[in-house]
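# Descriptive analysis of the structure
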Amino acid sequence: MTRPLLPFTQFVVKVHSRCDLACDHCYVYEHADTSWRARPKVIGEEVLTRAARRIGEHAAAHGLTVVRVVLHGGEPLLAGPERLRRAAEEFRAALPPGCALDLRIHTNGVLLGPAFCELFDELEIKVGVSLDGDRAANDRHRRFADGRSSHPQVLRAVGLLRRPEYRHLYAGLLCTVDVENDPVAVHDALAELDPPSVDFLLPHATWEQPPARPAGRGETPYADWLLAVYDRWEAAGRPFAVRTFDSVHRTLHGLSSLTESLGLEPAALVVLETDGTYEQADSLKTAYDGAPVTGLDVFTHSLDEVARHPGMAARQSGLAGLSATCRACPVVRSCGGGLYAHRYGADGGFDHPSVYCGDLMTLINGIADRGEPAGRPGTTPRAAAGRAVPAQPGEPAPPAGLTDRQLDRLARGHGDADTVRALVRSQLALTRAMLAAVRSTSGLRSSAAWDLLADLDSTAPAALDAVLGHPYVRAWAARRLGGDPGAGLGRLAELAAAAAVRAGRGDAVAVPVRAGGLHLPTLGRIGLGGGGEAIVTGTGDGFTVRTADGEVLTVGEGRPDPRFEPVRRVRPAGGWTFALEDADPQRDSHQWPVADRLGEAELLAWTGALREAVELLDRDLPAFAEGMRTGLTTVTPLRPGPPGRDVSAAARQAFGAVGIARPATAPTLALLLAHEFQHVKLGAVLDLVDLYDPADTALYDAPWRPDPRPIEGLLQGTYAHLAVTAFWRTRTAVYDGLPGTAAEHARAQFALWRRYTAEAVERLAGSGSLTPVGLRFADGMRETVGPWLDVALPAAAETAAEQARQARRPAAPIG
């Protein structure tokens, strides 16, 4: 099956083609390519407009939720503030609803002053600065044309970015390695500037122009230099992120790389020059004159056409695109052949290992030999031996954020506390990204609510996470990004007020009153009547609400107000905690209408049923219960279904919540909870990695339904029915040897669902649509189902199951 075109997600836009420094290691002016001489100095307005339109079209066509645009040069600040403003406005305006802009600029820092910082604050442009270390290291290459040092100006620029008012603009530092410099001194000089991240880059070189290798420094001087930096970095407690080191750790653990210089992930970057021509990666300028040229431009070619260029395809071909030497190498999945440009040789083009091959192998094995420090996240059995052990050819790596062990547990349908906590973290990060997209697409450069959220993120992150982790925060963000007119921006004020109250702060926040009520996510609803706004102020142990007419309500310990409807929480034994969410206006995110506020009698009925259901889950389904205890935070009561039908639903955009109409028995409630949480888990996995070909439009027979389903529907149903089958297996064991209708029903249901689930697993595996990780999931599900097929059942149970199967009408579950 043909995979869909891989879209670009990062765009390097050259806004000025000249530079005010004369760095002798610059690949633009000092290496093989000379195309800069014929290009306009400053990008034209028409080029900007066309480029923005092309990126917007590309984002819309491929459903991108975020694109990164890097304003580059030469030296981009030479373009001047007005041209940079125009660029930011054009790119932001061109993106479709639901797609956020991550806008950055990379500068040498010489011209960066307060005026530019104010502009970048207004336009939300993050700033990266090139700096090679202390003055001696930086002056080795980064000088003005007359030989003067640029170091004082760069330090002044970084000093500006470190100020509190501009700190949020500080993206990090870029340092080009020179093995003549003292690695420890370079590390310490950079660390003193408190950067959020540092990129250590190997100087661009090829087999035709190899890198300098000073005498007496061994066979792998660049690896030795980087390992000295690595040791200093570790000893200092990793004071900043280093993409090279982090990428080696990640790829050794089977995860994705964070840089094009390592790993096998396909490149998703394109360069736009000042004249409107598209080029491949800028680093190719070091190979030969014209190496990055595509012959395409923004005026006549779409980005899809650029993505089909043979040079782009070569950088997206993974293991298959490497030389035979690389494919046979034991560290290939970490190294990835190195940066594409560094493989160039006149006698075979790019079909060579990297010119830094020995250095890369020494670096990767050196980091692996040092092991993962105690307490560091991401340690897996693969790294435990302390040596780089790559995945076997064809072995699918787990997605970012999950270890091999965690992925395997999820594939089998389970997931312990650590595994589900990893999903919780990934979902929280996604919610944060969606909130940033809401801000970007709504034109909110600043607002009182957003500013408070940003402040709480640094001063009270746990309180903010508790609010942002509420399932219906993301549901609202998804509605907002989808253009739902009912998903107003007042939600940001609700989130800020709730987080401030949780943090015990006294901020006064104006919160909208909607449908006669004021809502604070995770806390509850205050019935006020009317509309407008009310002022919410934290009091340490609660909060006050001042209405538009001056009335003050006080809510807190020992001060109940009858108009306050708190979120009720059920805490059964064993560490379970559920929020019974019947107040949040965004909870109507499931496939069935939500119930109104629960009365006392119904609340007691829910509380008792949940306690019994949890006891059953802990006792009979421990492999499922452990993850549920960690990730299932919210139960939203739904309206009852038709007589004889139990109603339950998960929502893809509401991780951690399930909607259920309270069934007649606690065992059925346990079954519904386990069933729906399977959908919750799988949805989170699908947010991390494709398990199937998204271009597959075929419909597949689902054994339990009369109508065919798309591939995701079949996958979701199969995964959920692992829990259903496990439930009926335990029910069969409970009734083992006992006569009666309940026992017969349990045995028949187990016979039916094990057959359904086994058939569905094989249908998925044979669909031709599953990705390598998807096939790994199919294998895991098959392992879970296999032992069930070996359980002997009475002939009557098999007959009943076959009758139901033929009718495609499984009986409603009972306890």
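The numbering scheme is per chain: residues are counted from 1 as the chain's sequence reads. With pLDDT at 70 or above as the cut-off, local features in this predicted model cover only qualifying residues; side-chain atom pairs require 80 or more to be listed or tallied, and sums for whole chains, interfaces and linings still use all residues. The side-chain figures draw on all heavy atoms in the structure; neither hydrogens nor water molecules are used.

Its place among the elements puts R491 in helix α20 (residues 490–502). A distance of 3.1 Å separates a polar atom in the side chain of R491 from a polar atom in the side chain of D584. Excluding residues that lie within four positions of it along the chain, R491 makes contacts with Y472, V473, W476, H519, P521, D584 and Q586. Each helix is a run of DSSP H or I of at least 4 residues and each strand a run of E of at least 2, with the numbering of both proceeding from the N terminus. The definition of a polar contact used here is a pair of N or O atoms within 3.5 Å, where within protein one atom must be able to donate a hydrogen and the other to accept one, and adjacent residues in sequence count solely through side-chain atom pairs. Only heavy atoms matter for contacts: two residues are in contact if any of them lie within 4.5 Å across the pair.

Only when DSSP finds a minimum of two bridges between them are two strands counted as paired. The three strands lie next to each other as β12-β13-β17, forming an open sheet whose pairing is antiparallel. Either end of the sheet is taken by a strand with one partner, and the two such strands are β12 (517–520) and β17 (564–566). Adjacent strand axes in the sheet meet at a mean angle of 15° when their direction is disregarded. Where helices are involved, their axes are fitted lines through C-alpha atoms of the stretch in contact, as for all axes, and angles between N-to-C directions lie from 0 to 180°.

Core analysis: the largest hydrophobic core is formed by 88 residues, its most contacted members being L71, L84, F91, F120 and F200. No other element matches helix α7 (residues 221–235), which puts eight residues into this core. L84 has contacts with V15, L71, P76, L77, A79, I105, F116, L119, F120 and L123, leaving out every residue within four places of it along the chain. Here, nonpolar core refers to any group of buried Ala, Val, Leu, Ile, Met, Phe, Trp, Tyr and Cys residues whose side-chain atoms link them within 4.5 Å. For every residue, the accessible area obtained with a 1.4 Å probe (protein chains only) is divided by the maximum for its type, and the residue is called buried under 20%, exposed over 50%, and partly exposed between those limits. Core analysis: the next-biggest nonpolar cluster, separate from the first, contains 82 residues, L407, L682, Y735 and A804 among them.

A water-sized probe rolled over the atoms picks out the places where empty space is left. Grid points spaced at 1 Å over the protein atoms alone were grouped into cavities, where a 1.4 Å probe fits but cannot get out, and pockets, open sets with protein on both sides within 12 Å along at least five of seven lines, with lining residues defined by an atom within 4 Å of a point. Grid points are joined across faces, edges and corners, and a volume is the space filled by probe spheres set on the points. Going through the model one piece at a time under the given rule, you end up with four cavities of 30 Å³ or more. When its volume is computed, the largest cavity comes out at roughly 180 Å³. Surrounding the largest cavity, 17 residues form its lining, G263, E265, R315, G336 and R343 being those nearest its centre.

On to the sheet that holds strand β16 (residues 552–556). Taken in spatial order, the four strands make up an open sheet running β11-β14-β15-β16, and their pairing is antiparallel. Every other strand in the sheet has two partners, leaving β11 (508–512) and β16 as the edge strands with one partner each. Shown here is a sheet whose adjacent strand axes are inclined to one another by a mean of 25°, direction ignored. With five bridges connecting them, strand β15 (residues 542–546) and β16 associate as antiparallel partners. By the bridge assignment for β16, G542 is matched with G556.

Positionally, L714 belongs in helix α24 (residues 711–734). Taking the C-alpha atoms as reference, L714 lies 9.0 Å from V761; in sequence the two are 47 residues apart.

A separate point is the pairing of strand β14 (residues 533–538). Where β11 and β14 come together, five bridges link them in antiparallel fashion. Paired with A510 across the strands is I535, a residue of β14. Of the strand pairs in this sheet, β14 and β15 are connected by four bridges, and their pairing is antiparallel. The partner of I535 across the bridge, within β15, is R546. Hairpin connection of β14 to β15: three residues between the antiparallel strands, including G540 at a positive phi of 95°.

This paragraph deals with the packing of helix α1 (residues 45–62) against helix α2 (residues 81–94). Running from N to C, α1 and α2 cross one another at 25°; their axes reach a closest spacing of 8 Å. As summarised for this structure, α1 and α2 are arranged roughly parallel, according to the angle between their axes. The hand of the α1/α2 crossing is right-handed. Contacts from E45, L48, T49, A51, A52, R53, I55 and G56 of α1 reach α2 at R83, R86, A87, E90, F91 and A94. Basically, the charged four are Asp, Glu, Lys and Arg, the nonpolar ten are Ala, Val, Leu, Ile, Met, Phe, Trp, Tyr, Cys and Pro, and anything else, Gly included, counts as polar. For the contact of α1 with α2, the per-class residue count stands at seven nonpolar, two polar and five charged. Should an angle lie under 35 degrees it is considered roughly parallel, over 145 roughly antiparallel, and from 65 to 115 roughly perpendicular; all remaining angles are considered oblique. Crossings are assigned a handedness: left-handed for a near helix turned anticlockwise from the far helix by less than a right angle, right-handed for a clockwise turn.

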